[in-house]
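Structure at a glance
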Amino acid sequence: MNIHEYQAKELFDRFQVPSPKGKVASTPEEAAAAAKEFEGAKLVIKAQVHAGGRGKGHFKNGFQGGVHLIESPQQASEFAGKMLNETLVTIQTGEAGKLVRKVMVAEAVDITHEYYLAILMDRGTSRPVIVASTEGGMSIEDVAHNTPEKIIRQFVHPLLGLQGYEIRKLAGALGMHGDIAKQFGKLLSNLYKLFISLDCSMVEINPLVTTPDGRVLALDAKFGFDDNALYRHPEIVAMRDKEEEDPREVAASEYELNYIGLDGNIACLVNGAGLAMATMDIIKHYGGEPANFLDVGGGASKEQVTAAFKIILADPNVKGILINIFGGIMDCNVIAEGVIAAAKETGLPIPLVVRLEGNNVEQGKATLDASGLNIVSASTMADGAQKIVAAVA
Ligand code: ADP
Ligand code: MG
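Residues numbered from 1 in each chain as written. Chains lettered and ligands numbered in written order. Predicted model: local features only at pLDDT ≥ 70, side-chain atom pairs only at ≥ 80, totals over all residues. Heavy atoms only, no water.

As a reminder, the rule being used: UniProt positions are given in the numbering used here, feature names are shortened, and annotations may be inferred rather than shown by experiment.
With an unreviewed UniProt entry as reference, the protein chain is termed Succinate--CoA ligase [ADP-forming] subunit beta, source organism Luteolibacter luteus. Looking at the Sequence similarities (unreviewed entry) heading of the UniProt record, one finds this comment for the protein chain: "Belongs to the succinate/malate CoA ligase beta subunit family." Recorded in UniProt under Pathway (unreviewed entry), the annotation for the protein chain is "Carbohydrate metabolism; tricarboxylic acid cycle; succinate from succinyl-CoA (ligase route): step 1/1."

1. Remarks on the overall build of the protein chain
Spelled out, the test is: By definition, any uninterrupted DSSP run of H or I lasting at least four residues is a helix, any uninterrupted run of E lasting at least two residues is a strand, and each is numbered from the N terminus. To sort residues, take the accessible area from a 1.4 Å probe on protein chains only and compare it with the maximum for the residue type: under 20% means buried, over 50% means exposed, and anything in between is partly exposed. Contact criterion: two residues are considered in contact whenever any of their non-hydrogen atoms come within 4.5 Å of each other. Residue-level accessible areas treat just the shown protein chains as cover; the underlying method is Shrake-Rupley with a 1.4 Å probe. When charges are counted, neither His nor the chain ends are considered; positive counts come from Lys and Arg and negative counts from Asp and Glu. To locate a charge, take NZ of a lysine, CZ of an arginine, CG of an aspartate or CD of a glutamate.
On a plain count of helices and strands, the protein chain comes out with 13 helices and 19 strands. A buried classification covers 50% of the 393 residues belonging to the protein chain. Counting only contacts in the protein chain whose residues sit at least 6 apart along the sequence, the fraction spanning at least 24 positions is 68%. Put simply, the protein chain shows about 18600 Å² of open surface, and 52% of that area lies on carbon and sulfur atoms. Between the centroid of the 37 positive side chains of the protein chain and the centroid of its 49 negative side chains there is a distance of 3 Å.

2. Topic: the coordination of the magnesium ion (ligand 2)
Selection rule: Only nitrogen, oxygen and sulfur atoms qualify as donors, provided they sit within 2.8 Å of the metal or within 3.2 Å for Na, K and Ca; with water excluded from the atoms, sites may seem incomplete.
Note on the magnesium ion (ligand 2): its protein donors are Asn206 (O) and Asp220 (OD). The metal-donor distances range over 2.1 to 2.2 Å. A residue pair is termed long-range when its members are at least 10 positions apart, and Asn206 in strand 11 (residues 200-210) and Asp220 in the loop between strand 12 (216-218) and strand 13 (222-225) qualify at 14 residues. Judged on exposure class, the residue Asn206 and its partner Asp220 are both buried.

3. A look at the packing of aromatic side chains
Quick note on the threshold: Stacked, edge-to-face and tilted labels apply to pairs of Phe, Tyr and Trp rings (six-membered ring for Trp) whose centres lie within 6.5 Å, assigned for plane angles under 30 degrees, over 60, and everything in between, in that order. Sitting over a ring, as applied to charges here, requires NZ of Lys or CZ of Arg to be within 6 Å of the ring centre and within 35 degrees of the ring normal.
Applying the stated criterion across every chain, the model contains five aromatic pairs. Pairing Phe59 with Phe63 gives two aromatic rings, centres 5.8 Å apart and planes at 40°, and the pair type is tilted. Taken together, Phe12, Phe223 and Phe225 form an aromatic cluster joined through their ring pairs. Taking NZ or CZ as reference, Lys82 lies 5.6 Å from the ring centre of Phe79, over its face.

4. Quick word on the UniProt feature "binding site: substrate" (unreviewed entry) in the protein chain
As annotated by UniProt and renumbered to match this structure, "binding site: substrate" (unreviewed entry) occupies Asn271, Gly328, Ile329 and Met330. Annotated residues spanning 60 residues; largest pairwise C-alpha distance 9.9 Å, indicating a single compact cluster. Its location among the elements puts Gly328 in the loop between strand 17 (320-327) and helix 11 (332-346). Residue class for Gly328 comes out partly exposed when judged on its relative accessible area of 46%. Sequence-distant contacts of Met330, that is, excluding residues within four places in its chain, are made with Asn271, Gly297, Gly298, Gly299, Ala300, Ile325, Ile335 and Asn359.

5. Topic: the UniProt feature "binding site: ATP" (unreviewed entry) in the protein chain
The feature "binding site: ATP" (unreviewed entry), as annotated in UniProt, sits at Lys46, Gly53, Arg54, Gly55, Val109 and Glu114 in this numbering. Looking at the secondary structure, you find Gly55 in the loop between strand 2 (43-48) and strand 3 (58-59). When neighbours within four sequence positions are excluded, Gly55 is seen to be in contact with Gly65, Gly66 and Val67. Mapped onto the elements of the fold, Glu114 is located in strand 8 (residues 113-122).

6. Let's talk about the site of ligand 1
To keep it simple, the criterion reads: Consider each residue's heavy atoms; a residue with any of them within 4 Å of a molecule or strand counts as near. The term polar contact refers here to a pair of N or O atoms within 3.5 Å; inside protein, the definition further demands a hydrogen-donor-capable atom paired with an acceptor-capable atom, and it admits residues adjacent in sequence only when both atoms are side-chain atoms.
By nearness alone, 17 residues border ligand 1, and Lys46, Arg54, Gly55, Glu107 and Glu114 come closest of all. Contact between ligand 1 and Arg54: an oxygen atom at 2.7 Å from a side-chain N or O atom of the residue. Within the contact set of ligand 1, an oxygen atom lies 2.8 Å away from a backbone nitrogen or oxygen of Gly55. About the coverage of ligand 1: the protein hides 83% of its 540 Å² of free accessible area. Elements represented by at least two residues in the shell around ligand 1 include exactly strand 2 and strand 11.

7. Thoughts on the sheet that holds strand 3
The line we're drawing: Note on pairing: two strands pair once DSSP finds at least 2 bridges between them.
Overall, antiparallel pairing links the three strands, which are arranged 3-5-6 in an open sheet. The outermost strands of the open sheet, each flanked by one partner alone, are strand 3 and strand 6 (98-99). One ladder, built from two bridges, connects strand 5 (residues 87-89) with strand 6; its direction is antiparallel. By the bridge assignment, Leu88 is partnered in strand 6 with Lys98.

Listed below in structure tokens is the structure:
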């Protein structure tokens, strides 16, 4: 799960990670009112979307940039008008872009230097890793590609936590001294607490800045949370913005289905993540392209199967469906009943190939046969894949 920059700021405030004051707005009037609150200060206005690269992005209406310096409430309203309800295209959104529904008005700070700072979970070492660079403000992928020596990594022992000497080492490597190094240490230590306490998969600050008046501040924020730990953080779940997510993935999560939309035209409905991966592989092996990854789980109910079916059919790119179920915990007949219920509701406008194996498979097959629906049955995975690839060709 991701959150917006203005929400990330609330978490920064809670964990005492310093960042400029800011306020979110959904209309030009609200933006002007927010600007009025910070009267006297220099201001920025920033589009709020779940994607980075806003500064260098452009709007489909021709307006350039999702981050702007402004000087008055009047200007806040004017810029908000150009950004709100418009589509922002950045290097991270793809061509389609993202609709801007909110903007943040924040205090603008003078910048001495821009750094990059992130904490991630490193799967290779099973440890949190702090990634930092003196080359902040730009795409970290470019820095990693062009000047890999400028990326600093510090692995953290998960039980011992972040140690003072590790912080000092990082500050030194970033060329920080004296009070700036001290402030950075405090910020990083608090950021690490935030990362662990909230079960983050990632926090990224790009840029982290130093200012001429000697402060260290987070100017931008990108968060990722471990979905499996969200039940421990209702206040984070409340920050979820479903409008920023793929509507198919939102519907799937409501039924506890693991769904990821892909670009192909063969939908798969499978139980178990491993089998789902194998099914996608075998579709590709026979020259097809999967339209999704969909794991209905080990103990899927009829309602879940019906929901899964509807999500699949809502994708206009889908030209055929392959159901591949291994009845281990699952009863094949429950799947069969779910498929029939869903097919009757939706009319089953496209070819459907079903391969069932395992627990109560004979009854499952009999239920499908008796349904009178146009379903092709397959005996093996390879058989199923070949049949669905032929059906959509
Ligand atoms: P993105 O990464 O999506 O482009 P940022 O929040 O990093 O958005 O903003 C882009 C750039 O705008 C930053 O690198 C920084 O130079 C400038 N900027 C952002 N927020 C502020 C601020 N509060 N004060 C001054 N400059 C800012
Ligand atoms: Mg940024």
